[in-house]
Amino acid sequence: MTHTLTAESVAYAYESASPVFSQVDAAVRAGEILGIVGPNGSGKSTLLRVMSGLLRPGSGRVTLDGRPLSAFSNVDRARTLAFLPQAVNPAFALSVFEVVCLGRYPHMGAFGALSAHDREVAERCMRHTEIEALETRDFLTLSGGERQRVLLASILAQEPDILLLDEPTAALDIHHQIELFALLARLAEDGYGFAVVTHDLNLAARFCDRLLLLTNWRETPISGTPAEVLTGPRLSEAYAAAIRVDRHPVTDAPLIWAETPAGNGPSAGGDGPPLEGGRS
Ligand SMILES: Nc1ncnc2c1ncn2[C@@H]1O[C@H](COP(=O)(O)OP(=O)(O)O)[C@@H](O)[C@H]1O
Ligand SMILES: [Mg+2]
């Protein structure tokens, strides 16, 4: 079965503060990657928490295949929907393999024993995220980027249909950033659905089917295809920076870059004075 996670007219406010967002409509569909972008503090993580069921929306509703999230048991929900939070600092001393196997919990029997199938799934997810060589390492000794790939392997091992990932590429080098998005694209082709928060607008432009752009100045995000959402004027306004959008010479996807603020170094166009001395 193909699954859809839907947010309809969702609003959220922390305590009595003004709403982080309101009237948000979003859908995470099998076979698609929804990108969630926007400046710091615009509500991206809050939206993922609401869509994962961790936070209840103040108004509106979040449904999985038409049923409110609250109607699912934790285990039933976890078999379909997985959430990778932004900062995970587990306080346990487990090996990488054990952390990946934690993802199998919604599938394990009453006694919590791992079957041969559970181990096969864990090993496949370690191959997908290129962490086989780390299998026996203590998780707490890994670098930030290595941890991030292990945690991704762990939620892939959960075998959910829909994955909500909060900045999964934040600590990754450029090789692992592109590998991760390429992996998501392959998994989306296989029928998984993703919502991914990212600050990398160029990766979002290239790999996401649809985007939501949250801003600090309006409560309702801008939504559409990457070409519709990623325009110079929209991004410049959202990020309060001079942002230019060209076309990627090979992929033809929007190519986003920020101009240097006036008086702070080389500007766009390259017609300023050449840089001389003082820098190495
Ligand atoms: N637990 C919380 N209590 C109160 N305010 C919060 C809490 N978490 C986040 N906020 C505020 O909500 C807004 C959105 O935060 P967040 O969703 O983390 O933004 P983003 O992920 O886009 O950077 C920010 O103004 C942030 O300070
Ligand atoms: Mg965040």
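The coordinates are above.
All values reported here derive from a predicted model rather than from experimental measurement.

**A word on the sheet that holds strand β1 (residues 4–12)**
Piece 1. One open sheet accounts for four strands, arranged β2-β1-β4-β5; its pairing is antiparallel. Of all strands in the sheet, those with a lone pairing partner are β2 (21–29) and β5 (67–68), marking the two edges.
Piece 2. As judged from the two bridges shared by strand β4 (residues 59–64) and β5, these two strands associate in the antiparallel manner. Looking at the pairing, threonine 63 lines up with proline 68 of β5.
Piece 3. Against the sheet, helix α1 (residues 44–52) makes contact with β1, β2 and β4, and its axis sits at roughly 60 degrees relative to β2, the strand it touches most.

**Details of the sheet that holds strand β10 (residues 222–224)**
Piece 1. The six strands lie next to each other as β6-β7-β8-β3-β9-β10, forming an open sheet whose pairing is mixed. Edge positions in the sheet fall to β6 (81–84) and β10, since each has one partner strand and no second. Adjacent strand axes in the sheet meet at a mean angle of 10 degrees, parallel and antiparallel pairs treated alike.
Piece 2. Inspection of the sheet shows strand β9 (residues 210–213) paired to β10 by three bridges, in the antiparallel sense. Residue pairing for β10: leucine 211 is matched across the bridge by glycine 224.
Piece 3. Contacting β6 and β7 (162–166), helix α5 (residues 144–157) runs over the sheet at an angle of about 170 degrees to β6.
Piece 4. Against the sheet, helix α9 (residues 232–239) touches β3 (33–37), β9 and β10, its axis set at about 40 degrees to β9.

**Thoughts on unusual backbone geometry**
Piece 1. Backbone geometry at aspartate 65 places phi at a positive 50 degrees, although glycine is not the residue there.
Piece 2. Note that aspartate 65 resides in the loop between β4 and β5.
Piece 3. Of note, the phi angle at alanine 240 is positive, near 50 degrees, even though the residue is not glycine.
Piece 4. Mapping alanine 240 onto the fold places it in the loop between α9 and β11 (243–247).
Piece 5. Classification of alanine 240 as exposed rests on a relative accessible area of 71%.

**Here's the deal with the site of ligand 1**
Piece 1. In the neighbourhood of ligand 1, the contacting residues comprise Tyr14, Val20, Pro39, Asn40, Gly41, Ser42, Gly43, Lys44, Ser45 and Thr46.
Piece 2. Within the backbone of glycine 41, an N or O atom sits 2.8 Å from an oxygen atom of ligand 1.
Piece 3. Residue serine 45 places a side-chain N or O atom 2.9 Å away from an oxygen atom belonging to ligand 1.
Piece 4. Its residues assigned to classes, the shell around ligand 1 shows three nonpolar, six polar and one charged.

Cut-offs and rules
Residues numbered from 1 in each chain as written. Chains lettered and ligands numbered in written order. Predicted model: local features only at pLDDT ≥ 70, side-chain atom pairs only at ≥ 80, totals over all residues. Heavy atoms only, no water. Pairing = 2+ DSSP bridges. Helix = DSSP H or I, 4+ residues; strand = E, 2+ residues; numbered from the N terminus. Contact = heavy atoms within 4.5 Å. Axes fitted to C-alpha atoms, helices over the stretch in contact; angles between N-to-C directions. Buried < 20%, exposed > 50% of the residue type's maximum accessible area, 1.4 Å probe, protein only. Near = heavy atom within 4 Å. Polar contact = N/O pair within 3.5 Å; in protein donor to acceptor, adjacent residues only side chain to side chain. Nonpolar A, V, L, I, M, F, W, Y, C, P; charged D, E, K, R; others polar.

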